[in-house]
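# Coordinates in review
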Amino acid sequence: MPSLGDLIAPRRMGRDFRWLLASSWTSNLGDGIALAAAPLLIASLTSSPILVAAGAMMQFLPWLLFGLLAGAVADHHDRRLLVMIANASRAVIVAGLVAFLVTGYANVWIVLATAFLYGTAEVFADSAGSTLLPMLVKPADLGIGNARMQAGFLVANQLAGPPLGAFLFAVGSFWPFVLQVLCVALAVLLISRIARTPIPEHDEAAPGTKVHAIREGLRWLGHNAPVRTLVIIILVFNVTWAAPWGVLVLYATEYLGMGPVGYGALATASALGGFIAIFSFGWLEKHVSFSTLMRVCLSLEVLMHLGFALTTSPVVAFIIMFGFGLYAFVWGTISTTVRQRLVPMELQGRIASVNMVGVFGGLVIGQFIGGLLAQLFGPTAPWWFAFAGSAVTLALVWRSISHIAAAKPVLDEKSAEDVERAGEPGAGGMPLPD
């Protein structure tokens, strides 16, 4: 009977994958703690809605400013080392905030500056980190690998981290950030245990600036129809998704009459749905084609928007949100896996960063549209916009989804040899944990 360790991280995927997974889960716990503690800290320092909203904006502004640059950097340097440096920087930045809190010199401007610097370091950490999995496991194992990475995000960042952060903040404003520093520092130590350091091939033909590297990545994306279409789908569906999500708190508390506790329970319902999906993804990957899964997930997204637009029942809202967590986890895992299989190893950072810039750009656009519609037409208007927009988009890309899922993976011979070695159970010089 396989051990728990083998069930979570199959032995065939190698020791390096286990170190990467452990580092990702640990880092996600630290980020989940801050997810609750940071807004609480800002709210305790100011009553200005603009400044409170600015704290949330720091989550996506660095991606819009530095996302493409971070991708180019990741594709031209030691990616493991970049993750270590970026995460170490994050730990130092939060440690500085702790010092201000302990000494009583913290104010809202220091917290916002900390959030921006932390978010900037996170952009470089995530851009480089997203390229490591395709370099450490075989293409056939990318699905299960991404599922395990997503599981860590769901459990540590969404379920365990926020309540722990809120509890520690009640004990003392600096305690959640102390634990966050420890988690991020431990993540650096864990990823340092990866036995080999993958370094992508450099573009010697045009050795100029990072601007050239960014252009090269955008040019490749423009000529690769499957990946280009996937990025566009993600961008548009993030616009439609963010429109109602930006005003979800008003929809839940005022329109459905659920109150603050009910609103928080909606997020929990979504996380529980994702938790169920964790255990079903392996079976789904073996028995259902990716094209079918992608169509089902996007169709459910359309129906979810319609359901929220029509319902006035909190119970129905909980059921819809549970279903959202279920299919959103599957979609996130599949879309990442497909992209990683189709992008050459030397372009993984740049294409992943373009994808993330699209994600956060879509969130900004969608939240603005949703707020405007809710202001003019009421709390259900953003849901109707999301339903119509996602339905039209799905109809336009329905046939293209087959081409995306069936596109031939890109993997050069050198990368294939590296992945073969990384997948060997004995690689790395230390016994595998059970």
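The structure under discussion appears in the preceding block.
Residues numbered from 1 in each chain as written. Predicted model: local features only at pLDDT ≥ 70, side-chain atom pairs only at ≥ 80, totals over all residues. Heavy atoms only, no water.

With that settled, consider the nonpolar core. One finds Met304, Phe308, Met321, Val330, Trp331, Ile334 and Trp383 to be the most contacted residues of the largest nonpolar core, which totals 60 residues. Counting residues per element, this core draws most heavily on helix H15 (residues 314-342), which supplies eleven residues. Ignoring any residue separated from it by four or fewer positions in sequence, one finds phenylalanine 308 in contact with Tyr251, Ala317, Ile320, Met321 and Trp383. (Core = buried A, V, L, I, M, F, W, Y, C linked by side-chain atoms within 4.5 Å. Buried < 20%, exposed > 50% of the residue type's maximum accessible area, 1.4 Å probe, protein only. Helix = DSSP H or I, 4+ residues; strand = E, 2+ residues; numbered from the N terminus. Contact = heavy atoms within 4.5 Å.)

Now for the pattern of salt bridges. The tally for this structure, following the rule as stated, stands at seven salt bridges. Note that aspartate 141 is salt-bridged to arginine 12, the shortest N-O span being 3.0 Å. Here aspartate 141 is found in the loop between helix H7 (132-136) and helix H8 (142-171), whereas its partner arginine 12 is found in the loop between helix H1 (4-8) and helix H2 (15-45), with 129 residues between them in sequence. For arginine 12, a relative accessible area of 46% corresponds to the partly exposed category. Linking arginine 350 and aspartate 75 is a salt bridge whose minimum nitrogen-to-oxygen distance equals 2.7 Å. With arginine 350 in helix H16 (residues 348-377) and aspartate 75 in the loop between helix H4 (61-74) and helix H5 (79-103), this pair connects stretches of sequence that are 275 residues apart. Pair check on accessibility: arginine 350 and aspartate 75 agree, each one buried. Linked by salt bridges that have partners in common, Asp75, Arg79, Glu216 and Arg350 make up one network. (Salt bridge = Lys/Arg side-chain N within 4 Å of Asp/Glu carboxyl O.)

Further remarks concern the packing of aromatic side chains. Applying the stated criterion to the full structure yields 13 aromatic pairs. Taking 5.0 Å as the distance between ring centres and 40 degrees as the angle between the ring planes, the aromatic pair formed by tryptophan 245 and phenylalanine 324 counts as tilted. Here tryptophan 245, found in helix H11 (residues 225-245), pairs with phenylalanine 324, found in helix H15; they are 79 residues apart in sequence, far enough to count as distant. Residue class for tryptophan 245 comes out buried when judged on its relative accessible area of 18%. Between tryptophan 384 and phenylalanine 387, the aromatic rings sit 6.3 Å apart at their centres with planes inclined by 80 degrees, giving edge-to-face as the arrangement. With tryptophan 384 and phenylalanine 387 both in helix H17 (residues 381-406) and three residues apart, this pair spans about one turn of that helix. With relative accessibility at 23%, the residue phenylalanine 387 sits in the partly exposed group. Aromatic rings pair up to connect Trp241, Trp245, Tyr251, Tyr255, Phe308, Phe324, Tyr327 and Trp383 into one cluster. (Phe/Tyr/Trp six-rings, centres within 6.5 Å; stacked < 30°, edge-to-face > 60°.)

Looking now at the side chain of threonine 26. Among the structural elements, threonine 26 can be located in helix H2. Given a relative accessible area of 16%, threonine 26 falls into the buried group. A polar side-chain atom of threonine 26 sits 2.8 Å from the main-chain carbonyl oxygen of alanine 22. Apart from residues no more than four positions distant in its own chain, threonine 26 is found in contact with Cys183, Leu186, Ala187 and Leu190. (Polar contact = N/O pair within 3.5 Å; in protein donor to acceptor, adjacent residues only side chain to side chain.)

Any link to function would need more than the numbers given here.
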